[in-house]
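Breakdown of the fold
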Amino acid sequence: MTTLAPIISVDRLTKTYQSVAAERVTALADISLSIAPGEFVTVVGPSGCGKTTLLRILAGLVGQYQGNVAIRGTPLKSPSRSVGVAFQDANLLPWRSVVDNVLLPAQVLHLNMDSSRRRAHELLELVGLEGFERKLPHELSGGMRQRVSIARALLHDPEILLMDEPFGALDAITRDNMNFELRRIWMESGKTIFLITHSIPEAVYLSSRVFVMSSRPGRIVRELAIDLPEQRPLSLMASARFGEYVGELRHALDNSDAVARSLPLLKAA
């Protein structure tokens, strides 16, 4: 059996900031992980543990760290065309239509507009927004605005989609429905997805693997493979096996700081 080379590699990553009071604050410590092409991976951890910092480093938006971060074996020094990002706030331009919001990366990256417009319409169909192309953001629900954000992040056909709490501001029913849709989009697009969340059930439902982080300085204290069917109806959340995974992750989070204290601190090369 052939093992695919990782699309994302993080080796002994440590990130330290200097605070306003000139104190050194370590956000991440000795983070190492490897993600294969086509995986759906989530990260859970307490507030302030460095999840978003990790995602922003993978997006090429934060530098000056110790350790190594690579996309397909190439060290990451700046934002990569191989990566798309969707944040918790959809950040749509209110004066632009849905399709024109999706087309924004084509303008920024100077892509061919004719082919980009065709792709924008294909992506809006993929995310279930066919027929809403000319609507303005204020005419959409919160879930629909997030669908536009996902389509926009995929416009330049990145291999990797990074998602930072994309459904955190939605009500519970809409959030569950968006999780179902995101699984469908992932399966149809074949992208590698890296998502951070505070929701343990969301992590279990979406993922092929879940990483658990401790509080600051954030360290990975547990990695859990999720062996659930590829097709996941929302009713799966009521199953015993689903509940077992939720319980395992809850236990790992509750004990994350104790586990982190037992791990050796390494010096980055």
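Another point: unusual backbone geometry. The omega torsion across Arg216 and Pro217 is -5°, close enough to zero to call that bond cis. Among the structural elements, Pro217 can be located in the loop between β9 (209-213) and β10 (220-225). In this structure, Arg72 is a non-glycine residue whose phi angle is positive, near 50°. Relative to the helices and strands, Arg72 resides in the loop between β4 (66-71) and β5 (74-75). With relative accessibility at 44%, the residue Arg72 sits in the partly exposed group. Not every positive phi belongs to a glycine, and His110 is a case in point at roughly 55°. Here His110 is to be found in the loop between α3 (104-108) and α4 (113-126). Judged by relative accessible area, His110 falls into the exposed class, the value being 71%.

Here we come to the side chain of His156. Residue placement: His156 occurs in the loop between α5 (142-154) and β7 (160-164). A distance of 3.3 Å separates a polar side-chain atom of His156 from the backbone oxygen of Arg81. A polar side-chain atom of His156 sits 3.2 Å from the main-chain carbonyl oxygen of Val83. The contact partners of His156, leaving out residues within four places of it in the chain, are Arg81, Val83, Gly84, Leu109 and Leu111.

Formed by 52 residues in total, the largest nonpolar core has its most connected members in Leu124, Ile150, Met163, Leu182, Ile193 and Val204. The biggest single contributor to this core is α5, with six residues. Other than its neighbours up to four places away in sequence, Leu124 contacts Val98, Val99, Val102, Leu129, Glu130, Glu133 and Ala151. Core analysis: the second largest hydrophobic core is formed by 29 residues, Ile7, Ala27, Val43 and Ile71 among them.

Okay, the sheet that holds β7 next. With mixed pairing, the six strands of this open sheet are ordered in space as β6-β7-β8-β3-β9-β10. The sheet is open, and its two borders are formed by β6 (83-86) and β10, each paired with just one other strand. Averaged over all pairs of adjacent strands, the angle between their axes in this sheet comes to 15°, without regard to strand direction. Where helix α1 (residues 51-58) meets the sheet, it contacts β3 (40-44), β6, β7, β8 (192-197) and β9, and its direction lies at approximately 155° from that of β8. Sheet contacts for helix α6 (residues 172-189): β3, β7 and β8; angle to β8, the most-contacted strand, approximately 160°.

Bringing the layout of surface pockets into the picture now. If you add up the space inside the largest pocket, you get close to 530 Å³. Around the largest pocket, the lining is made up of 22 residues, and of these Val83, Gly84, Val85, Pro105 and His156 lie nearest the centre. Elements supplying a minimum of two residues to the lining of the largest pocket: β6, α3 and α5. Ranked by residues supplied to the lining of the largest pocket, first place goes to β6 with four residues. Broken down by class, the residue content of the lining of the largest pocket amounts to 14 nonpolar, five polar and three charged.

What counts, and at which threshold
- Per chain, residues are indexed from 1 in the order of the written sequence.
- For this predicted model, a pLDDT threshold of at least 70 governs which residues receive local features, and a threshold of 80 or more governs which side-chain atom pairs are given and counted, while totals over whole chains, interfaces and linings are taken from all residues.
- As a rule here, side-chain values come from all non-hydrogen atoms in the structure, and water together with hydrogens is ignored.
- A helix here means a DSSP run of H or I that spans at least four residues, while a strand means a run of E at least two residues long, and both kinds are numbered starting from the N terminus.
- When a residue's accessible area, from a 1.4 Å probe over protein chains only, is under 20% of the maximum for its type it is buried; when over 50% it is exposed; and in between it is partly exposed.
- Pairs of N or O atoms are called polar contacts if they sit within 3.5 Å, as long as, within protein, a hydrogen donor faces a hydrogen acceptor (for residues adjacent in sequence, only side-chain-to-side-chain pairs).
- Two residues form a contact once any of their heavy atoms are found within 4.5 Å.
- We define a nonpolar core as any set of buried Ala, Val, Leu, Ile, Met, Phe, Trp, Tyr and Cys residues linked to one another through side-chain atoms lying within 4.5 Å.
- A pair of strands counts as paired when DSSP detects no fewer than two bridges linking them.
- The angle between two axes is taken between their N-to-C directions and runs from 0 to 180 degrees, where each axis is a line fitted to C-alpha atoms and a helix contributes only its stretch in contact.
- Buriedness for pockets is judged along seven lines, at least five of which must meet protein on both sides within 12 Å for an open set on the 1 Å grid over protein atoms alone, while cavities are sets there where a 1.4 Å probe fits but cannot get out, and lining residues have an atom within 4 Å of a point.
- Grid points are joined across faces, edges and corners, and a volume is the space filled by probe spheres set on the points.
- Asp, Glu, Lys and Arg are counted as charged, while Ala, Val, Leu, Ile, Met, Phe, Trp, Tyr, Cys and Pro are counted as nonpolar; the rest, among them Gly, fall into the polar class.

Everything listed is a geometric property; what it means functionally is a separate question.
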